[in-house]
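Fold and geometry: a report
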Amino acid sequence: MLIVKHISKNFGSFQALDKVSFEMNRGDIVGLLGKNGAGKTTLMRILTSFITPSSGTVTIDGDDMSKHSLTIRQKIGYLPEKPPLYGDMTVQYYLKFAAEIKGVPKNKRLIQLAKVLEECDLEQVKQKTIATLSKGYKQRVGIAQAIIHEPKLLILDEPTSGLDPMQIQQVLALIKNQRDQRTVLLSTHTLTEIEQVAQRVIMIKSGRIVLDDYLSKLLRNKDTSQFQPLTLEQVFINHHQPQVSENTSQTPESTRLKVSDE
Ligand SMILES: Nc1ncnc2c1ncn2[C@@H]1O[C@H](COP(=O)(O)OP(=O)(O)OP(=O)(O)O)[C@@H](O)[C@H]1O
């Protein structure tokens, strides 16, 4: 469904992404992890064709992004870190407007509006102006605008950031429900959230993929003396700890450790 091949992105002399490659199949929910500045947003902005890569290709359903950018945009729904909401519009006015600019045919806009109002549980606030909503509702409006045109690929950049625990659970449930309808790529710093909704994790470090695997495999504890299963947090820390290796030139009285900068 989505094929990302050798994507690199340079900002001047700084390389934000370095030959990133992965594939996603229909119905996959994949968690994108990485420390601040690892390159997650840059990758998501390339996948949504907001910025172009310096090299490499993105193909969605067989269409090359560089050649069919307009067709591809219609197949993608995007919730950026800061959703593009207009505070003075009512929820339903804004969503009708979103449907129009995303190319939903006129005769289908009301049907799509009703669908996302129900799916995102926004019916009771549809007449309210967006500025008066709680952060949780605003985020659900952000997701509603991202799916109103029935995209095949949904990209969510830190969708639960700043929400309270109840609101987080509501947004996670909404994301989980997308599974039957579309492929989802989401980034978050809260690893337990990835454990709840995703089946697979892609970890980026300094612009490179350092891990791409299924959670069921990652969280299996290979050390059979440990009864506790691994957590994603442990996996994350293992990949971000400075590498410690025994120095071969150790003296008898002391064992020196060599810590690499990476
Ligand atoms: N337009 C730009 N010009 C120059 N450098 C940029 C630009 N956009 C991003 N960068 C740099 O690229 C690197 C990756 O940034 P990016 O926003 O993709 O990271 P991130 O993983 O999303 O981080 P966070 O978790 O903090 O959102 C950072 O060092 C950032 O400063």
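Only a predicted model underlies this, so the values are computations on that prediction, with no experimental measurement involved.

With that out of the way, let us pick up the overall build of the protein chain. When helices and strands are tallied, the protein chain shows 9 helices and 12 strands. Buried positions account for 46% of the 262 residues belonging to the protein chain. Contacts in the protein chain between residues far apart in sequence, at least 24 positions, make up 65% of those at least 6 positions apart. Split by element, the accessible area of the protein chain, about 14,200 Å² in all, is 51% carbon and sulfur.

This paragraph deals with the nonpolar core. Membership of the largest hydrophobic core comes to 47 residues, with the highest contact counts inside it found for Val91, Leu95, Leu122 and Leu232. With 27 residues, the next largest nonpolar core counts Val4, Val20, Leu43 and Ile72 among its residues.

Around the ligand sit 14 residues, and of these Asn36, Gly37, Lys40, Thr41 and Thr42 come closest. Lys40 places a side-chain nitrogen or oxygen 2.8 Å from an oxygen atom of the ligand. Interatomic distance of 2.6 Å between a side-chain N/O atom of Thr42 and an oxygen atom of the ligand. When isolated, the ligand has an accessible area of 640 Å², and the protein chains bury 62% of it.

The terminal C-alpha atoms of helix H4 (residues 106-119), which comprises 14 residues, lie 21 Å apart, in line with the 20 Å expected from a rise of 1.5 Å per residue. Those residues of H4 not exposed but buried are Gln112, Leu113, Val116 and Leu117. On an axial view of H4, the arc spanned by its buried residues comes to 130 degrees, and they lie on one face. Those residues of H4 that are exposed and aimed more than 90 degrees away from the buried face are Asn107, Leu110, Ile111 and Glu118. Here the buried face of H4 lies against helix H3 (91-101) and helix H5 (135-147). Looking one or two residues past H4, Asp121 carries a phi angle of roughly 55 degrees, positive in sign.

Looking now at the sheet that holds strand S5 (residues 63-64). The 4 strands lie next to each other as S2-S1-S4-S5, forming an open sheet whose pairing is antiparallel. Whereas interior strands pair on both sides, the edge strands pair on one side only; in this sheet they are strand S2 (14-24) and S5. With 5 bridges connecting them, strand S1 (residues 2-11) and strand S4 (residues 55-60) associate as antiparallel partners. Each residue of the ladder has a partner; that of Ser8, found in S4, is Ser55.

As a further point, take the pattern of salt bridges. With the rule as written, the count across this model stands at 13 salt bridges. The closest approach of N and O atoms between Lys152 and Asp61, which form a salt bridge, is 2.8 Å. One end of the pair, Lys152, is in the loop between H5 and strand S7 (153-157); the other, Asp61, is in the loop between S4 and S5, and 91 residues separate them in sequence. Given a relative accessible area of 27%, Asp61 falls into the partly exposed group. Here Glu123 makes a salt bridge to Lys126, at a shortest N to O gap of 2.6 Å. Taking relative accessible area as the criterion, Lys126 reaches 22% and is therefore assigned partly exposed. If you follow the salt bridges from partner to partner, you end up with Asp18, Lys19 and Arg208 in one network.

Mean pLDDT for the protein chain: 86, with 88% of residues reaching 70 or above. Of the regions scoring below 50 in pLDDT, residues 245-262 engages in 21 contacts with residues more than four places distant in sequence or in other chains. Quick note on the complex model: pTM equals 0.85, ipTM equals 0.96.

Conventions and cut-offs
- Residues numbered from 1 in each chain as written.
- Predicted model: local features only at pLDDT ≥ 70, side-chain atom pairs only at ≥ 80, totals over all residues.
- Heavy atoms only, no water.
- Helix = DSSP H or I, 4+ residues; strand = E, 2+ residues; numbered from the N terminus.
- Buried < 20%, exposed > 50% of the residue type's maximum accessible area, 1.4 Å probe, protein only.
- Contact = heavy atoms within 4.5 Å.
- Areas by Shrake-Rupley, 256 points an atom, 1.4 Å probe, with all protein chains shown as cover.
- Core = buried A, V, L, I, M, F, W, Y, C linked by side-chain atoms within 4.5 Å.
- Near = heavy atom within 4 Å.
- Polar contact = N/O pair within 3.5 Å; in protein donor to acceptor, adjacent residues only side chain to side chain.
- Expected span 1.5 Å × (residues − 1).
- Arc of directions from axis to C-beta.
- Pairing = 2+ DSSP bridges.
- Salt bridge = Lys/Arg side-chain N within 4 Å of Asp/Glu carboxyl O.
- pLDDT = per-residue confidence, 0-100.

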